[in-house]
Amino acid sequence: MLVGVPKEIKNNEFRVGLTPAAVREYVARGHRVLVETGAGDGIGAGDEAYVAAGAAIASQAAEVFALADMVVKVKEPQPSEWAQLHEGQILFTYLHLAPDPDQARGLMASGVTAVAYETVTDAQGGLPLLAPMSEVAGRLSIQAAATALQKPNGGRGILLGGVPGVAPARVAVIGGGVVGLHAARMAAGLGAEVTILDRSIPRLRELDEIFAGRVRTRYSTIDALEEEVIAADAVIGAVLIPGATAPKLVTRAMLPKMKRGAVLVDVAIDQGGCFETSHATTHADPTYVEDGVIHYCVANMPGAVPLTSSHALNHATLPFGLALAGEGLAALARDPHLRAGLNIHRGRVAHRAVAEALGVSFADPVGIAA
Ligand SMILES: NC(=O)C1=CN([C@@H]2O[C@H](COP(=O)(O)OP(=O)(O)OC[C@H]3O[C@@H](n4cnc5c(N)ncnc54)[C@H](O)[C@@H]3O)[C@@H](O)[C@H]2O)C=CC1
Ligand SMILES: CC(=O)C(=O)O
Ligand SMILES: [Mg+2]
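Numbering of residues begins from 1 in every chain and follows the order in which that chain's sequence is written. Whichever chain is written first is A, and whichever ligand is written first is 1; the rest continue in order. Totals for whole chains, interfaces and linings use all residues, but because this is a predicted model, local features are given only for residues with pLDDT of at least 70 and pairs of side-chain atoms are given and counted only at 80 or more.

- In the annotation of an unreviewed UniProt entry, the entry for the protein chain reads Alanine dehydrogenase, and the organism field reads Kaistia hirudinis.
- UniProt, in its Sequence similarities (unreviewed entry) section for the protein chain, records the words "Belongs to the AlaDH/PNT family."
- UniProt positions are given in the numbering used here, feature names are shortened, and annotations may be inferred rather than shown by experiment. Within the UniProt record for the protein chain, the comment given under Catalytic activity (unreviewed entry) is "L-alanine + NAD(+) + H2O = pyruvate + NH4(+) + NADH + H(+)".

Next comes the structure, spelled out in structure tokens:
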């Protein structure tokens, strides 16, 4: 198969779909890889590193989109990229279609078979291609909160860990999955007073074991959520219902009750956000203020640390990408976990939760290679 890697074009997105080490794995299995010039610049991997790994270099993205049997990216295709995808081609990348009907229409019109990293599953009920970036974003969310809380940045002027004799900041983490765990770990590590809210009792039990009393856990009723949000200096939004639009858990009506200069970090913004007042921002202009509360809603947080993120992402995507390259659509027929990643096929939405969120009919992907 010819595997194509265009340079990412989303605002301040410095990750790359395949690292040189991943390219070498594809080439070792007899695939050809075509990489757009400069695609690896953000991780310090120049064209020469890709050539050494066995790739050919394309001078323009158009060449990659025209020739590739499978396009491997990081972020959802931007409008200029939808137009270049075509029938018979596989797209393997993050999509986050539920809150993005325009992209869904663009991909359906292109005829591409689009496999979304974020809905690929594993036998343990996890999301193995979302997890590494959730680890990164969870950890980054506390760096973002700490920065926003500084007075010159418009925040309350509180240090997350406090100092001896002065109370630390309070951090509420809504959703105790991968993002929530890593956010809580960083916040607790810096000395903050942390509460994690979740609706899964088994997960709250696990978190209680992991943190051994260092972090509080609370079942997320409306009451508990309101209490924690109002008391918090920083709130991290980290809920997920796979494929679906995020539930709006912090309402506009709660904001006036919050502390002035508190910060909301909506990591779930890529699924539409879990705060009613969230709208997506970019690394170029990451925050805005509503009702005296700072909002940080960057949808590609890991793009800010591309060295860490690109390697972590490639480690997770590699076996699935190799299966797609080796077997084509038959890999989707064989592996139900990879098939769970299928979002668009033959102009139809092939993921039930995505179809429900978009209000379109669902085309069952079973028997896809037939
Ligand atoms: N902004 C960014 O750059 C990035 C965003 N993300 C996003 O972060 C979000 C969280 O991802 P993960 O932690 O990997 O998901 P996860 O599936 O590991 O965890 C989600 C947690 O939310 C809980 N939950 C669901 N509904 C809830 C509710 N109503 N109240 C309380 N808890 C609830 C679940 O029980 C689960 O423990 C996703 O939307 C993901 O796409 C992930 C990486 C980067
Ligand atoms: C998960 C995701 O959307 C990201 O890493 O940008
Ligand atoms: Mg995202």
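1. Quick look at the site of ligand 2
So, step 1. To decide nearness, the C-beta atom of each residue is placed from the backbone, and the residue is near a molecule or strand if that atom lies within 6 Å of it. For ligand 2, the full set of nearby residues is Tyr94, His96, Glu118, Leu130, Met133, Asp270, Asn300 and Pro302.
So, step 2. Side-chain classes are defined by residue name, with Ala, Val, Leu, Ile, Met, Phe, Trp, Tyr, Cys and Pro counting as nonpolar, Asp, Glu, Lys and Arg as charged, and the others, Gly among them, as polar. Tallied by class, the residues present in the shell around ligand 2 amount to four nonpolar, two polar and two charged.

2. A short note on the sheet that holds strand 2 (residues 32-36)
So, step 1. At least two bridges found by DSSP between two strands is the condition for calling them paired. Counting from the N terminus, the helices are DSSP H or I runs at least four residues long and the strands are E runs at least two residues long. Strand order in the open sheet made by the eight strands is 3-2-1-4-5-6-14-15, with mixed pairing throughout. Looking at strand neighbours, the two that pair on one side only are strand 3 (56-58) and strand 15 (348-349), the edges of this open sheet.
So, step 2. Pairing between strand 4 (residues 70-72) and strand 5 (residues 90-93): three bridges, direction parallel. Counterpart to Val72 in the pairing with strand 5 is Phe92.

3. As for the domain arrangement of the protein chain
The extent of an interface is frequently quoted as the accessible surface area lost upon association of the parts.
So, step 1. Just so you know, the domain bounds were taken from an automatic or database domain assignment. One can read the domain layout of the protein chain as domain 1 (2-120 + 306-358) and domain 2 (131-304).
So, step 2. Note that contacts rest on C-beta atoms placed from the backbone: two residues are in contact if these are within 7 Å. Counting residues at the interface gives 21 residues for domain 1, matched by 18 residues for domain 2.
So, step 3. Of all elements in the fold, only helix 10 (306-327) and helix 13 (352-358) reach the threshold of two or more residues within the side of domain 1 that touches domain 2.
So, step 4. Per-element accounting of the side of domain 1 that touches domain 2 gives the leading share, six residues, to helix 10.
So, step 5. Classifying every residue of the side of domain 1 that touches domain 2 by side-chain character gives 10 nonpolar, seven polar and four charged.

4. Some thoughts on the environment of Ala323
So, step 1. Structurally, the position occupied by Ala323 is in helix 10.
So, step 2. Note: C-alpha distance between Ala323 and Gln143 (180 residues apart in sequence) is 36 Å.
So, step 3. In this structure Ala323 touches Ala331, Asp335 and Leu338, once residues within four positions along its chain are discounted.

5. What to know about helix 10
So, step 1. End to end, helix 10 covers 29 Å across 22 residues, agreeing with the expected 32 Å (1.5 Å per residue, within 8%).
So, step 2. To obtain the bend at a residue, axes are fitted to the seven residues ending there and to the seven starting there, and the angle between these axes is taken. At Thr317, helix 10 is deflected by roughly 45°, the largest bend along its length, and proline Pro319 occurs up to four residues later in sequence.
So, step 3. We call a residue exposed when 12 or fewer other C-beta atoms sit within 10 Å of its C-beta, buried when the count reaches 20 or more, and partly exposed for counts in between; the C-beta positions come from the backbone. Within helix 10 the residues assigned to the buried category are Pro306, Ser309, Ser310, Leu313, Asn314, Thr317, Phe320, Gly321, Leu324 and Ala325. Multiply 1.5 Å by the residue count of a helix minus one, and that product is the helix's expected span.

6. Considering unusual backbone geometry
For residues other than glycine, phi is negative in most cases, and the peptide bonds are mostly trans.
So, step 1. One non-glycine residue with positive phi stands out, namely His96, at about 50°.
So, step 2. In this structure, His96 sits in the loop between strand 5 and helix 5 (101-110).
So, step 3. The buried category is assigned to His96, around which 23 C-beta atoms lie within 10 Å.
So, step 4. In this model, Arg346 sits at a positive phi of 50°, which is unusual for a non-glycine residue.
So, step 5. Here Arg346 shows up in the loop between strand 14 (342-345) and strand 15.
So, step 6. Look at Arg346 and you get partly exposed, because 13 C-beta atoms sit within 10 Å.

7. Some points on the sheet that holds strand 10 (residues 234-237)
So, step 1. Across the sheet, seven strands lie side by side as 9-8-7-10-11-13-12; this open sheet has mixed pairing. The sheet is open, and its two edges are formed by strand 9 (216-219) and strand 12 (287-290), each paired on a single side. Within the sheet, the average angular offset between the axes of one strand and its neighbour, ignoring direction, is 20°.
So, step 2. Pairing of strand 7 (residues 170-174) with strand 10 involves four bridges; the strand directions are parallel. In the sheet register, Ile174 faces strand 10, and the bridge partner there is Gly237.
So, step 3. This element, helix 7 (residues 178-189), spans strand 7, strand 8 (193-198) and strand 10 of the sheet and lies at about 170° to strand 8.
So, step 4. Interaxial angles span 0 to 180 degrees and are taken between N-to-C directions of axes, which are lines fitted to C-alpha atoms, for helices over the stretch in contact. The strands that helix 8 (residues 201-211) touches are strand 8 and strand 9; relative to strand 9, the one it contacts most, it runs at about 170°.

8. Things to note about the nonpolar core
So, step 1. Each nonpolar core reported here comprises buried Ala, Val, Leu, Ile, Met, Phe, Trp, Tyr and Cys residues connected via C-beta atoms within 7 Å. One finds Ile174, Ala234 and Ile236 to be the most contacted residues of the largest nonpolar core, which totals 125 residues.
So, step 2. The two domains that each donate at least three residues to this core are domain 1 (2-120 + 306-358) and domain 2 (131-304).
So, step 3. Setting aside anything within four residues of it in sequence, one finds Ile236 in contact with Ser141, Ala145, Val171, Val173, Ile174, Ala183, Val265 and Val267.

9. Quick look at the packing of helix 1 (residues 20-28) against helix 10
So, step 1. Remark: helix 1 packs on helix 10, axes separated minimally by 11 Å, with the N-to-C direction vectors making an angle of 25°. When the axis of helix 1 is compared with that of helix 10, the two are roughly parallel. Helix 10 is crossed by helix 1, and the crossing has right-handed handedness. Listed contacts from helix 10 to Ala22, Glu25 and Tyr26 of helix 1 are Asn314, Leu318, Leu322 and Ala325. Roughly parallel refers to an angle under 35 degrees, roughly antiparallel to one over 145, roughly perpendicular to one between 65 and 115, and oblique to any angle outside these ranges. Two helices cross in a left-handed way if the nearer one is turned anticlockwise from the farther one by less than a right angle. They cross in a right-handed way if the turn is clockwise.

10. Re the packing of helix 6 (residues 131-148) against helix 7
So, step 1. Look at helix 6 against helix 7: their axes get within 7 Å of each other, and the N-to-C directions meet at 35°. Here the hand of the crossing between helix 6 and helix 7 comes out right-handed. Of the residues in helix 7, those touching helix 6 at Ala131, Ser134, Glu135, Ala137, Gly138, Arg139, Ser141 and Ile142 are Val178, Val179, Gly180, Leu181, His182, Ala183, Met186 and Ala187.
So, step 2. For the contact of helix 6 with helix 7, the residue count by class is nine nonpolar, five polar and two charged.

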